Amino acid sequence: MIHKRIVRGLIRKEFVQIFRDPKMIVAIFFVPIVQLTMFGLALTSEVKNIEMVIVSKPSAIAREVQTRAVASRWFKQVRHVDGTNVADPATLLTTYKAEAVLVAPAEGFEYALERQNEPIQLLINATNAQRAQQVNAYVSQILARVAASHGYQLGEQSRLVLDTRILFNPQMSTAAFMVPALLVMTSFIILMIVGSMAITKEKEMGTMEKLISSPASTADILLGKVLPYFFIGIGVVTLMLCIGVLGFGIVYRGTVWQFFLNGIALAACALSVATLISTIANTQQQAMMGGVLILLPAILLSGVFFPVANIPEGFRWLCYLNPLMYACTNFRNIILKGGDYLFFWQYFSILLGMALVLAAMAYKNFKAKLN
């Protein structure tokens, strides 16, 4: 049974402790601002496993472009899409069936190369600006080589135009790609480290025994310790979004309720892991070390800096056990792409499910330790 009066008292006490400590205030509010400012530009990484569809009537040039693309190991074939029967190529990007779509005129690539005045269109998903730039360069290079092998010329002296359309991030801004990632990474780090240290601090100071002997139940103690950091986590996420929109000029395309639902699930995951760590650690130093051991692989396998598609398949399954991957991908979907509802609910449901499982494990272990 949860006693509301006791929980309110514990929450007030926790907020007083947080804002009384200048180091805690710096860790919670100053660190995210510094990180967001420093990492406004994304780190570069090699681009592989690009899902590209060629929309064209059957022809020798279309087949050769496809063959060269797959042989380059930059691209992989999208087997479940027939490029000869696509009514609206842009839907392949909006439905996540392809990352790039090369569209020939209705008469085919040969007609465009012979007439030299018909554009060949390239549609690219640019939610990752760095990746989109390299995709554009790769496709242009492959198309030029295929044209040259058939006696045609592409370049400054050619009238043939490759009409490139950039979707979701027209300015190719790396800040737009990085802000959702930093939002996830920073809030998760802060909540996990600070949350776990706050609980172990009670053990070090000897006040945990007083809480146990008080009329407060296990649920009261847990909620009183965790809820302040939960609200702070939502505040940090909101602060970083405001900095991204106002400071970096990011165009926010999603809805507010999607953003906060995803932020709530992320904060719940982070604090559940923090509580689980605090039940194992006996000191704040142990809690910090435990958090670091979890954070490093979680960040590397989340798609924050390195695309998940680049990770070898033997290790890629670990990414799908990582809540940061779902939170980061969903925030990018919400902020940059407008929050496709089907995609949002799929990733939010998985993230919420992970939060509930982790919360149940943390509560069970916390209760066992108190008893």
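Above this text sits the structure in question.
Residues numbered from 1 in each chain as written. Predicted model: local features only at pLDDT ≥ 70, side-chain atom pairs only at ≥ 80, totals over all residues. Heavy atoms only, no water.

A. Broad picture of the overall build of the chain. In terms of helices and strands, the chain carries 14 helices and five strands. In the chain, buried positions account for 50% of the 371 residues. Accessible area of the chain: about 17,800 Å², with a carbon and sulfur share of 63%. (Helix = DSSP H or I, 4+ residues; strand = E, 2+ residues; numbered from the N terminus. Buried < 20%, exposed > 50% of the residue type's maximum accessible area, 1.4 Å probe, protein only. Areas by Shrake-Rupley, 256 points an atom, 1.4 Å probe, with all protein chains shown as cover.)

B. Summary view of unusual backbone geometry. Phi at Tyr96 is positive, roughly 65°, even though this residue is not glycine. Positionally, Tyr96 belongs in the loop between helix H4 (90–94) and strand E3 (100–103). Residue classification places Tyr96 among the partly exposed positions, given a relative accessible area of 30%.

C. A look at the nonpolar core. Counting residues in each nonpolar core, the largest one holds 72 residues, and the members touching the most others are Leu183, Val184, Phe188, Met192, Tyr229 and Phe331. Mapped onto this core, the elements with two or more residues apiece are helix H1 (4–20), helix H7 (174–205), helix H9 (218–247), helix H10 (256–280), helix H11 (284–300), helix H13 (323–337) and helix H14 (341–370). Of the residues forming this core, the biggest block, 18 residues, is contributed by H7. Excluding anything up to four places from it in sequence, Met192 contacts Ala270, Val273, Ala274, Ile277, Gly291, Ile294 and Leu295. In this structure, Ala62, Ala69, Leu122 and Ile142 belong to the second largest nonpolar core, which totals 27 residues. (Core = buried A, V, L, I, M, F, W, Y, C linked by side-chain atoms within 4.5 Å. Contact = heavy atoms within 4.5 Å.)

D. Structural view of the pattern of salt bridges. Taken as a whole and judged by the stated rule, the model has three salt bridges. Glu51 is paired through a salt bridge with Lys76; the nearest N and O atoms lie 3.7 Å apart. Taken together, the positions of Glu51 in strand E1 (residues 50–55) and Lys76 in strand E2 (residues 75–77) put the pair 25 residues apart, joining distant regions of the chain. You can call Glu51 partly exposed: its relative accessible area is 25%. Residue class for Lys76 comes out partly exposed when judged on its relative accessible area of 33%. In this structure, Glu99 and Arg131 form a salt bridge, with 2.6 Å as the shortest nitrogen-oxygen distance. (Salt bridge = Lys/Arg side-chain N within 4 Å of Asp/Glu carboxyl O.)

E. Region of the structure containing helix H3 (residues 60–71). Spanning twelve residues, H3 covers 16 Å between terminal C-alpha atoms, matching the ideal 16 Å at 1.5 Å per step. By the burial criterion, the buried members of H3 are Ile61, Ala62, Val65, Gln66 and Ala69. Take H3 and look down its axis: the buried residues cluster within an arc of 140°, on one side only. Exposed side of H3, more than 90 degrees from the buried face: Arg63, Thr67 and Ala71 are the residues found there. (Expected span 1.5 Å × (residues − 1). Arc of directions from axis to C-beta.)

F. The arrangement of the packing of aromatic side chains in detail. For the coordinates displayed, the defined rule picks out 15 aromatic pairs. Centre to centre, the rings of Phe343 and Tyr347 are 4.4 Å apart; their planes meet at 20°, and the pair counts as stacked. Here the residue Phe343 and the residue Tyr347 both occupy positions in helix H14, the gap between them amounting to four residues, near one helical turn. Members of the aromatic cluster, each reached through a chain of ring pairs, are Trp257, Tyr341, Phe344, Trp345 and Phe348. Sitting above the plane of the Phe168 ring, Lys337 keeps its charged end 4.5 Å from the centroid. (Phe/Tyr/Trp six-rings, centres within 6.5 Å; stacked < 30°, edge-to-face > 60°. Lys NZ or Arg CZ within 6 Å of the ring centre and 35° of its normal.)

G. Quick peek at the pairing of E1. A large share of E1 lies buried, amounting to five of its six residues. Here E1 runs beside E2; their pairing, made up of three bridges, is parallel. Residue Glu51 lies in a different strand from E2, and its bridge partner there is Lys76. Both E1 and E3 contribute to a ladder of four bridges, which runs parallel. The residue bridging Ile54 from the neighbouring strand is Leu102, located in E3. (Pairing = 2+ DSSP bridges.)

H. Examining the packing of H3 against helix H6 (residues 129–149) more closely. Put simply, H3 and H6 touch, their axes get as near as 10 Å, and they point 130° apart. Here H6 runs oblique to H3, going by the angle between their axes. Here H3 runs over H6; the crossing is right-handed. Packed against H3, whose contacting residues are Ile61, Glu64, Val65, Arg68 and Ala69, the element H6 presents Ile142, Leu143, Arg145, Val146 and Ser149 at the interface. Its residues assigned to classes, the contact of H3 with H6 comprises six nonpolar, one polar and three charged. (Axes fitted to C-alpha atoms, helices over the stretch in contact; angles between N-to-C directions. Parallel < 35°, antiparallel > 145°, perpendicular 65-115°, else oblique. Left-handed = near helix turned anticlockwise from the far one by under 90°. Nonpolar A, V, L, I, M, F, W, Y, C, P; charged D, E, K, R; others polar.)

I. Structural context of the side chain of Arg316. Among the structural elements, Arg316 can be located in helix H12 (residues 313–316). When residues no more than four places from it in sequence are discounted, the contact partners of Arg316 are Asn49, Val308, Ala309 and Ile311.

J. Structural detail: the side chain of Asn262. One can find Asn262 in helix H10. Given a relative accessible area of 0%, Asn262 falls into the buried group. Asn262 has contacts with Ala327, Asn330, Phe331, Ile334, Phe344, Phe348 and Leu351, leaving out every residue within four places of it along the chain.

K. Fine view of a nonpolar patch on the surface. Together, Trp257, Tyr341 and Trp345 make up an exposed nonpolar region whose accessible area comes to about 350 Å². Within the secondary structure, Tyr341 sits in helix H14. A residue is classified by how much of its surface remains accessible, and Tyr341, at 49% relative accessible area, is partly exposed. (Patch = residues over 30% accessible without salt bridge, like charges linked within 9 Å, V, L, I, M, F, W, Y side chains within 5 Å.)

Limitation: the analysis is restricted to geometry and does not speak to function.
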